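Here is what each chain is made of, one letter per residue.
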Amino acid sequence: MKVTFGQTQVELGSPQLGTNLRDCNALLRDGQAMRDRMAEDGYLLIRQLHDPKVVLKARQTIIQHMHEQTQCVDTTQPMTDAIINGDTKPPQMMGLKDITHHPDVRAVLDGKCVHDFFDRYFDEPSLTFDYKWLRAVGHNAGTAAHYDFVYMGRGSERLHTIWTPFGKLTPEQGTLAMLVGSHNLPAFEKLRQTYGKSDVDRDKTAGHFTTDLLKISETYGGQWQTTTFEPGDVILFGMHAMHASTTNTTNRWRISCDTRFQPAADPVDERWIGDKPIGHSPMSDTPKPWQVEKLAPTQR
Ligand SMILES: O=C(O)CCC(=O)C(=O)O
């Protein structure tokens, strides 16, 4: 089966885009084993971290909210399918507490399961940013390749992203894809130290590295991998693991949220915490895109 990935159609399960993300469920009781696995793989995939019923309840609440805001859900179909209503737009939901902090949504994003997990993973108390990146991604949309450091790298060196789909997501709907190896292969070192140390607000860049996703793996190595996510599944990774999403080619909204966790004792990036997090500064100039061509491959 072919899926759209960046600028190209690729065969799912091929060397260009594999489906071999391994889960770490057998390690969940052992913080050190999970940290070792993270150091090795650059991600941790957890199947059923959350009770699927809790996730599906939150999904229902989000879909209802989306429809109330912009009538963007086709109500002639079951609401739970979140079919896109014509050419409507979804409401802005990132950082909007009316929905990100709704009790049903918080039960997932800020619930006991995820806090207990991170306390064990860090082996010390954790905290999560108040700002939550809740997304409804429409037809033909997806996320370009980037390191998260460039958006939120001013605080803890142990900051992690956790990506939570609200409902089952297949790669045709837009799943997270990891460029496995981008966190530790020597060929990526220069990239991690240059683009990977930039800051969208300070440097006024576009943030993402490139939309030509396959060019990165062809140039630097590593392997793009994704999977189908069932309700309750999550994936987490550090600030220097390159990732993107597959493109949503369906007629359904892809609903997911990325949130951040770190040890509570570490410094915190001040843009993402508090009652009204300040977020990114508006770009005054045309943002500079990063180009893969800017950087010669180091080792091949
Ligand atoms: O959901 C997406 O499309 C992108 C998510 C992402 O980039 C992240 O979790 O850091």
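Treat the numbers as computed from the prediction; the structure is a model and nothing was measured.

### So, the overall build of the protein
1) Next: Secondary structure summary: the protein contains nine helices and eleven strands in total.
2) Next: Its C-alpha atoms give the protein a radius of gyration of 18 Å, near enough to 19 Å, the size a compact globule of 300 residues would have.
3) Next: Across its three principal directions, the C-alpha atoms of the protein cover 55 × 45 × 45 Å.
4) Next: In the protein, which comprises 300 residues, the proportion classed as buried is 42%.
5) Next: Considering only residue pairs separated by 6 or more positions, the protein has 82% of its internal contacts joining residues 24 or more positions apart.

### Comments concerning the pairing of strand S2 (residues 8-11)
1) Next: With four bridges connecting them, strand S1 (residues 2-5) and S2 associate as antiparallel partners. Considered in S2, the bridge of Thr4 is made with Gln9.
2) Next: Connecting the antiparallel pair S1 and S2 is a turn made up of two residues, with Gly6 showing a positive phi of about 65°.

### Some points on the sheet that holds strand S8 (residues 223-225)
1) Next: Taken in spatial order, the three strands make up an open sheet running S8-S7-S10, and their pairing is antiparallel. Where the open sheet ends on each side, the last strands, each with one partner, are S8 and strand S10 (243-245). Taken pair by pair, the neighbouring strands of this sheet meet at an average axis angle of 25°, ignoring direction.
2) Next: Packing of helix H9 (residues 213-220) onto the sheet brings it into contact with strand S7 (176-180), S8 and S10, and relative to S8 it is tilted by some 140°.

### Section: the environment of Asp275
1) Next: Along the polypeptide, Asp275 turns up in the segment after strand S11 (254-263).
2) Next: For Asp275, a count of 6 C-beta atoms within 10 Å translates into the label exposed.
3) Next: Expressed as a C-alpha distance, the spacing of Asp275 and Arg252, which sit 23 residues apart in the sequence, is 32 Å.

### As for unusual backbone geometry
1) Next: Despite not being glycine, Asp123 shows a phi value in the positive range, around 65°.
2) Next: Considering the arrangement of structural elements, one finds Asp123 in the loop between helix H5 (112-122) and strand S4 (126-128).

### Structural notes on the environment of Gly18
1) Next: For Gly18, the location among the structural elements is in the loop between S2 and helix H1 (31-41).
2) Next: Remark: the alpha-carbon pair of Gly18 and Thr210, spanning 192 residues in sequence, is separated by 20 Å.
3) Next: Among residues more than four places away in sequence, those in contact with Gly18 are Gly13, Gln223, Trp224 and Gln225.

### A closer look at H1
1) Next: Here H1 has its buried residues at Met34, Met38 and Asp41. Axial view of H1: buried residues confined to an arc of 85°, hence all on one face. In H1, the exposed positions angled more than 90 degrees off the buried face are occupied by Gln32, Asp36, Ala39 and Glu40.

### What about the site of the ligand?
1) Next: The environment of the ligand is made up of Arg135, Val137, Thr143, Asp148, Thr161, Trp163, Leu176, His243, Ser245, Ser256 and Asp258.
2) Next: In terms of residue class, the shell around the ligand is built from three nonpolar, five polar and three charged.

### Regarding helix H2 (residues 52-70)
1) Next: Here H2 contains 19 residues, and its C-alpha end-to-end distance of 27 Å stays within 8% of the 27 Å for a straight helix at 1.5 Å per residue.
2) Next: Those residues of H2 that sit buried are Val55, Ala58, Arg59, Ile62, Ile63, His65 and Met66. Take H2 and look down its axis: the buried residues cluster within an arc of 165°, on one side only. Set apart from the buried face of H2 by more than 90 degrees, the exposed residues are Lys53 and Glu68.
3) Next: Against the buried residues of H2 lie helix H3 (97-100), helix H4 (103-109), strand S5 (133-137) and S11.
4) Next: Of the residues flanking the end of H2, it is Gln71, one or two places downstream, whose phi is positive at about 50°.

### Focus: the nonpolar core
1) Next: Residues Tyr43, Leu44, Met178 and Ile235 are the most contacted members of the largest nonpolar core, which totals 51 residues.
2) Next: Setting aside anything within four residues of it in sequence, one finds Tyr43 in contact with Leu21, Met178, Ile235, Leu236, Phe237 and Ala241.
3) Next: Counting residues in each nonpolar core, the second largest holds 20 residues, with Cys72, Ile84, Leu134 and Cys257 among its members.

### A word on the pairing of S11
1) Next: S11 sits mainly inside the fold: nine of its ten residues count as buried.
2) Next: Pairing of S4 with S11, which is carried by three bridges, proceeds in the antiparallel orientation. Looking at S11, one finds that Ser126 is bridged to Pro263.
3) Next: Taken together, the five bridges between S5 and S11 define a ladder with antiparallel strand orientation. For Arg135, the partnering residue across the bridge sits in S11 and is Ser256.

### A few points about the confidence of the model for the protein
1) Next: Here the protein averages 94 in pLDDT, and 94% of its residues register 70 or above.
2) Next: Below a pLDDT of 50 lies the segment residues 292-300, which in the model reaches 18 contacts outside its immediate sequence neighbourhood of four places, other chains included.

Calculation rules
Residues numbered from 1 in each chain as written. Predicted model: local features only at pLDDT ≥ 70, side-chain atom pairs only at ≥ 80, totals over all residues. Helix = DSSP H or I, 4+ residues; strand = E, 2+ residues; numbered from the N terminus. Rg over C-alpha atoms; globule rule 2.2 N^0.38 Å. Buried ≥ 20, exposed ≤ 12 C-beta atoms within 10 Å, placed from the backbone. Contact = placed C-beta atoms within 7 Å. Pairing = 2+ DSSP bridges. Axes fitted to C-alpha atoms, helices over the stretch in contact; angles between N-to-C directions. Arc of directions from axis to C-beta. Near = placed C-beta within 6 Å. Nonpolar A, V, L, I, M, F, W, Y, C, P; charged D, E, K, R; others polar. Expected span 1.5 Å × (residues − 1). Core = buried A, V, L, I, M, F, W, Y, C linked by C-beta atoms within 7 Å. pLDDT = per-residue confidence, 0-100.

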